[in-house]
Amino acid sequence: MNTRICLTLLAAVSWTASYLAAETDPVVETVKEAMDYYKEGDYAGAAASLDYASQMIRQKRSEGLTEFLPEPLEGWSAEDASSQASGAAMFGGGTSAEREYTKGDANVKVQIMTDSPMLQGVAMMINNPMFAGADGGKLERISKQKALVKYDDGDRSGSINLMVAGTILITIEGNDVDLDDLRAYAEAIDYAAIAAQI
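The paragraphs below set out a description of the structure included in this document. Being a predicted model, the structure only gives us computed values, none of them experimental.

The secondary structure content of the protein chain amounts to seven helices and eight strands. Looking at the protein chain as a whole, 34% of its 198 residues qualify as buried. A sequence separation of at least 24 residues applies to 47% of the contacts in the protein chain between residues at least 6 apart. Within the structure as shown, the protein chain displays about 11,800 Å² of accessible surface, and the carbon and sulfur contribution to it stands at 54%.

Given below as structure tokens:
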């Protein structure tokens, strides 16, 4: 490696270190705090600070998921999107974002979830027609995505579950709705944009 390349790499590392040192992001500050605790031999403090930093990172990720929730369809209204992040100690952990939509008595909720061990069970059902049928659902393709659809004509309620890139679960649930309404919300999601963020 010649001298010019070495100097360029050294300058890049130096700039990155200076940038991080000047950064006031709470995650960066909390990680620095954990490093200080570790150097002092306070391992409990270091672990607690790292746990807090990881929780803040999950929260940032869950907030980012809200941008993929669809706008209300024509004739529908929607509440503000909400997001949530929880550690492994709470319900297995995970990050999620959701939004509720209404039209008269009809209501639909769209939820995007990731980083949760619950996804494995749903993925197994979506990828195995035998499991899907045993649970009263049927497999379909919606916007080129594998979907598990469950719908009760009697009470006009149901759900659609879709997996994106094997790591993100999207659930569309509704009451007093037509199955076409659930499908329309499923089709309104930009799956390519979600997959690009993984």
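Before going further, it helps to spend a moment on the packing of aromatic side chains. Following the criterion strictly, the structure yields two aromatic pairs and no others. Judged by centre distance (5.4 Å) and plane angle (85 degrees), the rings of Trp76 and Tyr185 are edge-to-face. Of this pair, Trp76 sits in the loop between helix H3 (43–65) and strand E1 (77–78) while Tyr185 sits in helix H6 (residues 179–187); the two residues are 109 residues apart in sequence, bridging distant segments of the chain. Like Trp76, the residue Tyr185 is buried in the burial classification. Relative to Tyr185, the ring of Tyr101 has its centre 4.6 Å away and its plane inclined at 40 degrees; by these criteria the two rings are tilted. Highlighted residues: Tyr101 in strand E3 (residues 94–103) and Tyr185 in helix H6, separated in sequence by 84 residues. Taken together, the ring pairs connect Trp76, Tyr101 and Tyr185 into an aromatic cluster.

The phi torsion at Ser143 lies on the positive side, around 50 degrees, for a residue other than glycine. Position of Ser143 among the secondary structure elements: in the loop between strand E5 (138–142) and strand E6 (145–152). Look at Asp176: it is not a glycine, yet its phi comes out positive at around 55 degrees.

So, on to H6. Among all positions in H6, only Leu179, Leu182, Tyr185 and Ala186 are buried. Each buried residue of H6 sits inside an arc of 125 degrees when the element is viewed along its axis, so together they form one side.

So, on to the side chain of Glu140. Locating Glu140 in the fold gives a position in strand E5. A distance of 2.9 Å separates a polar atom in the side chain of Glu140 from a polar atom in the side chain of Arg183. The residues contacting Glu140, other than those within four sequence positions of it, are Gln145, Lys146, Ala147, Val149 and Arg183.

Turning next to a nonpolar patch on the surface. A surface patch of nonpolar side chains, amounting to about 250 Å² of accessible area, comprises Val31, Met35 and Leu50. Note on placement: Leu50 falls in helix H3. Overall, the relative accessible area of 44% leaves Leu50 in the partly exposed class.

The subject of this paragraph is the nonpolar core. Among the nonpolar cores identified, the biggest contains 27 residues, and Val108, Val110, Ile160, Leu162, Ile170 and Ile172 are the most heavily contacted of them. Where this core is concerned, the elements lending two or more residues are E3, strand E4 (106–114), E6, strand E7 (157–164), strand E8 (168–175), H6 and helix H7 (191–196). Excluding residues that lie within four positions of it along the chain, Leu162 makes contacts with Ile126, Ile142, Gln145, Lys146, Ala147, Ile168, Leu169, Ile170, Ile172, Ala186 and Tyr191. Formed by nine residues, the second largest nonpolar core is a distinct cluster that contains Leu119, Ala123, Ile126 and Leu148.

Criteria and thresholds
- Counting starts from 1 at the beginning of each chain's written sequence and moves along it residue by residue.
- It should be noted that, the model being predicted, local features are given only for residues of pLDDT at least 70 and side-chain atom pairs only at 80 or more, the latter also being counted only at that level, while totals for whole chains, interfaces and linings use all residues.
- Values reported for side chains reflect all heavy atoms of the structure, with hydrogen atoms and water molecules removed beforehand.
- Put simply, DSSP marks the helices as runs of H or I at least four residues long and the strands as runs of E at least two long, and each gets a number from the N terminus on.
- Only protein chains enter the area calculation, which uses a 1.4 Å probe; residues under 20% of their type maximum are buried, those over 50% are exposed, and those in between are partly exposed.
- Between two residues, a contact is recorded if the distance between any of their heavy atoms is within 4.5 Å.
- Shrake-Rupley sampling with a 1.4 Å probe provides the accessible areas, and residues are treated as covered by the protein chains on show and by no other component.
- Side-chain rings of Phe, Tyr and Trp, where Trp is taken by its six-membered ring, are said to pair if the distance between their centres is within 6.5 Å; with planes under 30 degrees apart they count as stacked, over 60 as edge-to-face, and otherwise as tilted.
- Here, the arc refers to the directions that run from the helix axis to the C-beta atoms.
- We define a polar contact as two N or O atoms separated by no more than 3.5 Å, with the added condition that, inside protein, one atom must be a possible hydrogen donor and the other a possible acceptor, whereas residues neighbouring each other in sequence contribute only through side-chain atom pairs.
- Exposure above 30% relative accessible area and the absence of a salt bridge qualify a residue for a patch, where like charges join within 9 Å and nonpolar side chains (Val, Leu, Ile, Met, Phe, Trp, Tyr) within 5 Å.
- A pair is scored as a salt bridge if a Lys or Arg side-chain nitrogen falls within 4 Å of a carboxyl oxygen belonging to Asp or Glu.
- In this description, a nonpolar core means a group of buried Ala, Val, Leu, Ile, Met, Phe, Trp, Tyr and Cys residues linked to one another through side-chain atoms lying within 4.5 Å.

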